[in-house]
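So the chains spell out like this:
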Amino acid sequence: MYRIGELAKKCGVTTDTLRFYEKNALIKPANRSESGYRFYDEQAIKEVTFILKAKDLGLSLEEIKELLEIRLEATEHSCAEVKAITSAKLKLIDSKINELTQIRNALKRINDACCGHDNDDASHCSILAALE
C-alpha cells in the first residue's frame, strides 16, 4: 500500500494531480486510515499510468473516465465501443488540423505580402491593411 505522496512519486505526478484525479472519479484510494490518510494499491499505479498515457494522446478527462470504466468491466463491453471513442477523437483532431492549416495558409499569405523593411513606418504595412 502506498500513501498519496509515495504514489505520486512512483508515478511521476504531484499529490495535487492525484487529488484532482480522485475528485473527478478517475482513481480512488483502496482505503483510508482512521486518521484519514489515503492508501493506494498496485491497481492505482496501473490506473494513473493509463490516465497519463491517455492524456499524452490528447484524450479528455471525460474520455479517459469512460475508457477506465470500460477497462474495469471489459468483458461487458466491446472493442468497438473503445474504438468509437478513439475514432471520434481522431475526427476532432483532423478537423482541428484542417482549421489550423487554413489559418496558417491565410497568415502565411499576408505575411509573405509584407515587405517588412525596418525603415518603412507601419502606416503602409500590408499586414495591418489586410486585417482592416
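Here's what I pulled together on the structure shown here. Everything numeric in this text was worked out from a predicted model, so none of it was measured. (Residues numbered from 1 in each chain as written. Predicted model: local features only at pLDDT ≥ 70, side-chain atom pairs only at ≥ 80, totals over all residues. Heavy atoms only, no water.)

1. Points about a negative patch on the surface
Line of reasoning, step 1. Together, Glu-62, Glu-66, Glu-69, Glu-73, Glu-76 and Glu-81 line one region of the surface with negative charge.
Line of reasoning, step 2. Tallying contributions element by element places helix α4 (residues 61–72) first for the negative patch, with 3 residues.
Line of reasoning, step 3. Assignment of secondary structure puts Glu-81 in helix α5 (residues 79–113). (Patch = residues over 30% accessible without salt bridge, like charges linked within 9 Å, V, L, I, M, F, W, Y side chains within 5 Å. Areas by Shrake-Rupley, 256 points an atom, 1.4 Å probe, with all protein chains shown as cover. Salt bridge = Lys/Arg side-chain N within 4 Å of Asp/Glu carboxyl O. Lys, Arg positive; Asp, Glu negative; His and termini not counted. Charge placed at Lys NZ, Arg CZ, Asp CG, Glu CD. Helix = DSSP H or I, 4+ residues; strand = E, 2+ residues; numbered from the N terminus.)

2. Here we look at the state of the cysteines
Each disulfide is one covalent bond, formed between the sulfur atoms of two cysteines.
Line of reasoning, step 1. Applying the stated criterion across every chain yields a total of 0 disulfides.
Line of reasoning, step 2. For Cys-125, which is in no disulfide, the shortest distance to another cysteine sulfur is to Cys-114 and amounts to 4.0 Å. (Disulfide = S-S within 2.5 Å.)

3. Quick notes on the layout of surface pockets
Gaps between atoms show up when a probe of the same size as a water molecule is rolled over them.
Line of reasoning, step 1. Within this model, the largest pocket holds a volume of roughly 290 Å³.
Line of reasoning, step 2. Taken together, 15 residues line the largest pocket, and the ones lying closest to its centre are Leu-26, Ile-27, Lys-28, Glu-47 and Leu-72.
Line of reasoning, step 3. Broken down by element, the lining of the largest pocket gets its largest block of residues, 5 residues, from α4.
Line of reasoning, step 4. Classifying every residue of the lining of the largest pocket gives 8 nonpolar, 1 polar and 6 charged. (1 Å grid on protein atoms, 1.4 Å probe; cavity = no way out; pocket = protein on both sides within 12 Å on 5 of 7 lines; lining within 4 Å. Points joined across faces, edges and corners; volume = space filled by probe spheres on them. Nonpolar A, V, L, I, M, F, W, Y, C, P; charged D, E, K, R; others polar.)

4. Re the sheet that holds strand β3 (residues 38–40)
Line of reasoning, step 1. The strand order across the open sheet built from 3 strands is β1-β3-β2, with neighbouring strands paired in antiparallel fashion. Only two strands of the sheet have a single partner each, and these edge strands are β1 (2–3) and β2 (31–32). (Pairing = 2+ DSSP bridges.)

5. Description of the nonpolar core
Line of reasoning, step 1. Leu-7, Leu-18, Ile-27, Ile-51 and Ile-64 are the most contacted members of the largest nonpolar core, which has 22 residues in total.
Line of reasoning, step 2. With 5 residues, helix α3 (residues 42–56) is the largest single contributor of residues to this core.
Line of reasoning, step 3. If sequence neighbours within four positions are ignored, Leu-7 has contacts with Tyr-2, Leu-18, Tyr-40, Ala-44 and Ile-45. (Core = buried A, V, L, I, M, F, W, Y, C linked by side-chain atoms within 4.5 Å. Buried < 20%, exposed > 50% of the residue type's maximum accessible area, 1.4 Å probe, protein only. Contact = heavy atoms within 4.5 Å.)

6. A short note on the packing of α4 against α5
Line of reasoning, step 1. The geometry of α4 relative to α5 is characterised by a closest axis approach of 10 Å and an angle of 165° between their N-to-C directions. What the angle tells us is that α4 and α5 run roughly antiparallel. In terms of crossing hand, the pair formed by α4 and α5 is left-handed. Contacts between α4 and α5 involve Glu-63, Glu-66, Leu-67 and Ile-70 on the former and, on the latter, Glu-81, Val-82, Ile-85 and Lys-89. (Axes fitted to C-alpha atoms, helices over the stretch in contact; angles between N-to-C directions. Parallel < 35°, antiparallel > 145°, perpendicular 65-115°, else oblique. Left-handed = near helix turned anticlockwise from the far one by under 90°.)

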